[in-house]
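# Residue-level structure breakdown
Residues per chain, in single letters:
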Amino acid sequence: MKHYLLLLLILASLTTFGQSKKEADLIARSRLLNNTVFGTKDSLTLEDLFAKHATYGHSSGSVQTREEAIRSISHNASAYTDTSAKQYNVLIGDDVAIVRYIFRETETRDGKPTPLNLGIMLVWVEEKGKWKLFGRQAVKLQ
Amino acid sequence: MRGLILILLFSTSLVSFAQVDSVSLKGAMANLDKALVNKDEKTLTQLLNRDVSYGHSNGWVQNKNDIINDLKTGKLIYDKIDNTSVSIVAINKSWATVRTNTNAIGRSTTIPAFELKLHVLQVWLKTKNGWQLLARQSTKL
């Protein structure tokens, strides 16, 4: 009986550990994506983050393919502040996961700063043990 | 030659498997829209994953309880939901993602009447109880 309880405890903690490991990985990938899209704009990092058949939706409703998104992000002439603390909310459905976060920053283009307030939903899928961005949809916050 | 026929047969069955699945997914999508308009709590309970995250075009996000309760209290009511285009981006044995263009007509406590043209990203999970919506985000077109 005692052994049985111990086994249960171990199993429960393993499951929790597995979930929190997944969650930590997803937050790390989401943070890297955010810092790349709005910061470094490094195309090699984007190549690693994006799944083969990713679709990338903007708050305007326009949707880009993987290639279009990587090209436009890496050539984006705007600069963004990175001042707000971002909270990444993770929802795991086995081999697909959703991460939501709020992006409230300032965009500067041609020397002109404008506020940019977005809600961002990311869809991640596990490919060969790595989380890859499969879908993204942004919305303007009101 | 025999190998080729086998491969052909195998890929045909794969294609029809995906087709059957996309038919059941489109059915679930239509039933969900109908249930939202009809405030059909039983169907909503079936089709919404318990962890569902339902994001609106103003940035507001509802959970499962919110969706059902807000229909009951009249905080958010749908009169009509029409998909003008549906594209299944991916479908496999455990999940699917769909992008739609959707017209939504309804009312809320703050807006007496709204008519929205939306682009929507949806993520569905295939569970033992059938397709369930896990997440949804819309934005205004």
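Residues numbered from 1 in each chain as written. Chains lettered and ligands numbered in written order. Predicted model: local features only at pLDDT ≥ 70, side-chain atom pairs only at ≥ 80, totals over all residues.

## Quick notes on the sheet that holds strand E1 (residues 48–55) of chain B
All names here are of chain B. Selection criterion: Pairing between strands requires that DSSP locate at least two bridges from one strand to the other. Secondary structure elements follow DSSP: runs of H or I no shorter than four residues count as helices, runs of E no shorter than two count as strands, and numbering proceeds from the N terminus. Once C-beta atoms have been placed from the backbone, residue pairs whose C-beta atoms lie within 7 Å are recorded as contacts. Note on geometry: axes are lines fitted to C-alpha atoms, helical ones only across the stretch in contact, with angles between N-to-C directions running from 0 to 180 degrees.
One open sheet holds the 6 strands; their spatial order is E2-E1-E6-E5-E4-E3, and the pairing between them is mixed. Looking along the sheet, the strands with just one partner apiece sit at the ends: strand E2 (61–62) and strand E3 (76–91). Bridge analysis of E1 against strand E6 (residues 130–140) gives 4 bridges, and the strand direction is parallel. The partner of Leu48 across the bridge, within E6, is Leu133. Lying on the sheet, helix H3 (residues 64–73) is in contact with E1, E2 and E3; it crosses E1 at an angle near 75°.

## Comments concerning the interface of chain B and chain A
Heads up, the rule is: Gly is put with the polar residues, along with every residue not named as nonpolar or charged; the nonpolar set is Ala, Val, Leu, Ile, Met, Phe, Trp, Tyr, Cys and Pro, and the charged set is Asp, Glu, Lys and Arg.
The interface of chain B with chain A comprises 23 residues on the first partner and 23 residues on the second. Taken together, the elements giving at least two residues each to the side of chain B that touches chain A come down to E1, E3, strand E4 (95–108), strand E5 (114–127) and E6 of chain B. The element best represented in the side of chain B that touches chain A is E6 of chain B, accounting for 6 residues. Considered class by class, the residues forming the side of chain B that touches chain A number 9 nonpolar, 11 polar and 3 charged.

## As for unusual backbone geometry
Residue and element names in this part refer to chain A. What counts, and what does not: Between the buried cut of 20 or more and the exposed cut of 12 or fewer other C-beta atoms within 10 Å of a residue's own C-beta lies the partly exposed class, and all C-beta atoms are placed from the backbone.
Positive phi values are uncommon outside glycine, yet Lys41 reaches one of about 60°. Overall, the presence of 20 C-beta atoms within 10 Å leaves Lys41 in the buried class. Positive phi, normally seen in glycine, also occurs at Asp94, with a value near 65°. For Asp94, the position within the fold is in the loop between strand E4 (89–93) and strand E5 (96–109).

## Some words on the environment of Lys21 of chain A
Residue and element names in this part refer to chain A. Among the secondary structure elements, Lys21 is positioned in helix H1 (residues 2–40). Using a count of 10 C-beta atoms within 10 Å as the deciding quantity, one classes Lys21 as exposed. Sequence separation between Lys21 and Lys130 is 109 residues, and the spatial gap between their C-alpha atoms is 12 Å.

## Re the nonpolar core
In plain terms, the rule: Nonpolar cores are built from buried Ala, Val, Leu, Ile, Met, Phe, Trp, Tyr and Cys residues. These are joined into a set through C-beta atoms within 7 Å.
Counting 53 residues, the largest nonpolar core has Trp124 of chain A together with Trp124 of chain B as its most contacted members. Once you skip the residues sitting within four places of it in the chain, Trp124 of chain A turns out to touch Leu26, Arg29, Ala97, Val99, Trp131, Lys132, Leu133 and Phe134 of chain A.

## Overview of the pairing of E5 of chain A
Within a regular strand, the side chains alternate between the two sheet faces. All names here are of chain A. The pairing of strand E3 (residues 79–80) with E5 spans 2 bridges and is antiparallel. Bridging from a neighbouring strand, Ala79 pairs with Thr108 of E5. In textbook terms, the turn of a hairpin is the stretch between consecutive antiparallel strands, and for E4 and E5 this stretch comprises 2 residues, one of which, Asp94, has a positive phi near 65°. In terms of strand pairing, E5 meets strand E6 (residues 112–127) through 14 bridges, oriented antiparallel. The residue bridging Ala97 from the neighbouring strand is Trp124, located in E6. Taken together, E5 and the strand that follows it, E6, pair antiparallel across an intervening segment of 2 residues, in which Asp110 is found at a positive phi of about 50°.

## A word on the pairing of strand E7 (residues 130–140) of chain A
Residues and elements named next belong to chain A. The buried count for E7 comes to 8 of 11 residues, which makes it a mostly enclosed element. Examined bridge by bridge, strand E1 (residues 50–57) and E7 share 4 bridges and lie parallel to one another. Residue pairing in the sheet places Phe50 in a bridge with Leu133 of E7. Here E6 pairs with E7 via 10 bridges, running antiparallel. Considered in E7, the bridge of Met121 is made with Gln137. Count of turn residues in the E6/E7 antiparallel hairpin: 2 residues, of which Lys128 carries a positive phi of about 50°.

All quantities given are derived from atomic positions and should not be read as evidence of function.
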